[in-house]
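Each chain is listed here by its residues.
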Amino acid sequence: MIDGKALSPVAKQGKKERPAKDCALFMLERSDRTAQELRKKLKEKGYLPEEIDDALSFLEEYRYVDDAEYAKRYIRSHSAQKSIRQIRMQLEQKGIDAQWIDEGFACIPVDEEAQILAWIRKKGCAPGHKAEWKQYRKVAAGLYRKGYPSEKIYKVMGTVWGTEAQFPELQPDPPGI
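Residue positions are given per chain, counting from 1 as you read along its sequence in written order. Predicted model: local features are reported for residues with pLDDT of at least 70 only, side-chain atom pairs are reported and counted for 80 or more only, and whole-chain, interface and lining totals are derived from all residues. Side-chain measures here rest on the full set of heavy atoms in the structure, leaving out hydrogens and waters.

Q: For this particular structure, what's the right way to read the overall build of the protein chain?
A: Only DSSP runs of H or I covering at least 4 residues are called helices, and only runs of E covering at least 2 are called strands; the numbering of each starts at the N terminus. When its secondary structure is counted, the protein chain shows 11 helices and 0 strands. Sequence-ordered secondary structure for the protein chain, helices as α and strands as β, is α-α-α-α-α-α-α-α-α-α-α. Residue contacts are defined here by distance: any two heavy atoms, one from each residue, within 4.5 Å place the two residues in contact. Put simply, of all contacts in the protein chain between residues at least 6 apart along the chain, 63% involve residues at least 24 apart. Under the convention used here, a 1.4 Å probe and the Shrake-Rupley method define accessible areas, while residue burial counts only the protein chains that appear. Total accessible area on the protein chain is roughly 11400 Å²; 52% of this is exposed by carbon and sulfur atoms.

What follows is the structure, given as structure tokens:
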């Protein structure tokens, strides 16, 4: 019987028992990944840069890895819950080129105002209900942290609470001032 302590970390994890292409295909069976994510995982498994490049070339040639399509799928699946800024940041972290992100947003609309309204309602705020200054600030700050632009936040909050009359000092300055 082989003692687990006697095995090297490489032998324990089964690294490089198969070609990089097969390893990448196995990873893609479990979940969709970007080229950068696959490159990082293959490098962690100990594959040489040439092996990784060859595997990614094969995967891209047969469209197993397509960052443009990945961006569209990601935007489509997250467009109901996340702001454009949040989606863009996460795709950039995954190594998606800005061109593919922009094309994805051009194809798939993201209704941030509807998301903001849903979040406000989720927090128990009712339209027409007078908001306390503290509650108003708390809701606005939470939405801003989620990546929504302040102009859209104040626009939606204005329709919900009538904040133009209630808190005029919070309205964003008009463009050009």
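Q: Looking at this model, I keep getting lost on the confidence of the model for the protein chain. Mind explaining?
A: When pLDDT drops low, the exact placement of atoms in the prediction is not to be read closely. The predicted model of the protein chain has a mean per-residue pLDDT of 84, with 80% of residues at 70 or higher. For every residue, the predictor states its confidence as a pLDDT score lying anywhere from 0 to 100. Note that pLDDT drops below 50 for residues 1-14; the model gives that stretch 4 contacts with residues more than four away or on any other chain.

Q: Which parts of the structure should I look at to understand the packing of helix H3 (residues 35-44) against helix H4 (residues 49-61)?
A: Any two packed helices are characterised by the angle at which their axes cross and by the distance between the axes. Between the N-to-C directions of two axes lies an angle of 0 to 180 degrees, each axis being a line fitted to C-alpha atoms and, for a helix, fitted only over the stretch in contact. Following both chains from N to C, one finds H3 and H4 inclined at 145°, their axes separated by 10 Å at the closest point. Crossing of H3 over H4 shows right-handed handedness. Each of Ala-35, Leu-38, Arg-39, Leu-42 and Lys-43 in H3 lies in contact with H4, whose residues at this interface are Ile-52, Asp-53, Ala-55, Leu-56, Leu-59 and Glu-60. Helix crossings get a hand from a simple test, with the near helix turned counterclockwise from the far one by less than a right angle marking a left-handed crossing and a clockwise turn marking a right-handed one.

Q: Even after reading the chapter, I still don't get the nonpolar core, so can you show me in this structure?
A: Where a protein is soluble and globular, its nonpolar side chains tend to be buried together. Side-chain atoms within 4.5 Å are what join buried Ala, Val, Leu, Ile, Met, Phe, Trp, Tyr and Cys residues into a set we call a nonpolar core. For each residue, the accessible area found with a 1.4 Å probe, counting protein chains only, is set against the maximum for its type, and the residue is called buried under 20%, exposed over 50%, and partly exposed in between. The biggest cluster of nonpolar side chains holds 15 residues, and the ones touching the most others in it are Ile-116, Ile-120, Val-139, Leu-143, Ile-153, Met-157 and Trp-161. Looking at this core, the elements with two or more residues in it are helix H8 (112-122), helix H9 (133-145) and helix H10 (150-161). Every residue in contact with Ile-116, bar those within four places of it in the chain, is listed here: Leu-143, Tyr-148, Lys-152, Ile-153 and Val-156. If you look at the next biggest cluster of nonpolar residues, it comprises 14 residues, including Leu-28, Leu-42, Tyr-47 and Val-65.

Q: Got a minute to help me understand the packing of helix H2 (residues 20-30) against H4 in this structure?
A: Interaxial distance between H2 and H4 falls to 8 Å at its minimum, and their mutual angle equals 55°. The orientation of H2 relative to H4 falls into the category oblique. The way H2 lies across H4 gives a crossing that is right-handed. Taking contact as the criterion, the partners of Ala-20, Lys-21, Ala-24, Leu-25 and Leu-28 in H2 are, on H4, Glu-51, Ala-55, Phe-58 and Leu-59. Just so you know how the angles are binned, under 35 degrees is roughly parallel, over 145 roughly antiparallel, 65 to 115 roughly perpendicular, and the rest oblique.

Q: Help me understand the packing of aromatic side chains in this model?
A: The relation between two aromatic rings is expressed through the spacing of the ring centres and the mutual angle of the planes. Two rings from Phe, Tyr or Trp (for Trp, the six-membered ring) form a pair when their centres sit within 6.5 Å of each other. Planes less than 30 degrees apart are called stacked, planes more than 60 degrees apart edge-to-face, and all others tilted. One pass over the structure, following the stated rule, counts 4 aromatic pairs. With a centroid separation of 4.9 Å and 50° between ring planes, the pair formed by Phe-58 and Tyr-62 is classed as tilted. One aromatic cluster is present, built from ring pairs that chain together Phe-58, Tyr-62 and Tyr-64. Definition used: whenever NZ (Lys) or CZ (Arg) falls within 6 Å of the ring centre and also within 35 degrees of the ring normal, the charge is taken to sit over that ring. Sitting over the face of the ring of Phe-26, Arg-18 holds its NZ or CZ atom 4.8 Å from the ring centroid. The ring of Phe-58 is capped by Lys-21, whose NZ or CZ atom sits 4.5 Å from the centre of that ring.

Q: Sorry, what's going on with a positive patch on the surface here?
A: Patch membership needs two things, relative accessible area over 30% and no salt bridge, and members are linked within 9 Å if like-charged or within 5 Å if nonpolar (Val, Leu, Ile, Met, Phe, Trp, Tyr). Criterion for a salt bridge: a side-chain nitrogen of Lys or Arg within 4 Å of a carboxyl oxygen of Asp or Glu. When charges are counted, Lys and Arg are positive and Asp and Glu negative, with His and the chain ends excluded. A single reference atom marks each charge: NZ on Lys, CZ on Arg, CG on Asp, CD on Glu. A surface patch of positive charge is lined by Lys-122, Lys-123, Lys-134 and Lys-138. When you line up the elements, Lys-138 lands in helix H9.

Q: Just checking my understanding: could you explain the side chain of Arg-33 for this structure?
A: Position of Arg-33 among the secondary structure elements: in the loop between H2 and H3. Within the buried set, Arg-33 has no salt-bridge partner at all; the shortest N-O distance to an opposite charge, 5.6 Å, is to Glu-37.

Q: Sorry if this is basic, but what is going on with the pattern of salt bridges here?
A: Oppositely charged side chains can pair when the atoms bearing their charge come close. Within this structure, the stated rule accounts for 8 salt bridges. Here Arg-63 ties to Asp-66 by a salt bridge, and the two come within 2.8 Å at their closest N and O atoms. Judged by its relative accessible area of 57%, Arg-63 is exposed. In this structure, the salt-bridge partner of Lys-72 is Glu-69, at a minimum N-O distance of 3.8 Å. On the criterion of helical spacing, the pair formed by Lys-72 and Glu-69 is a turn pair, its members being 3 residues apart in helix H5 (residues 67-78).

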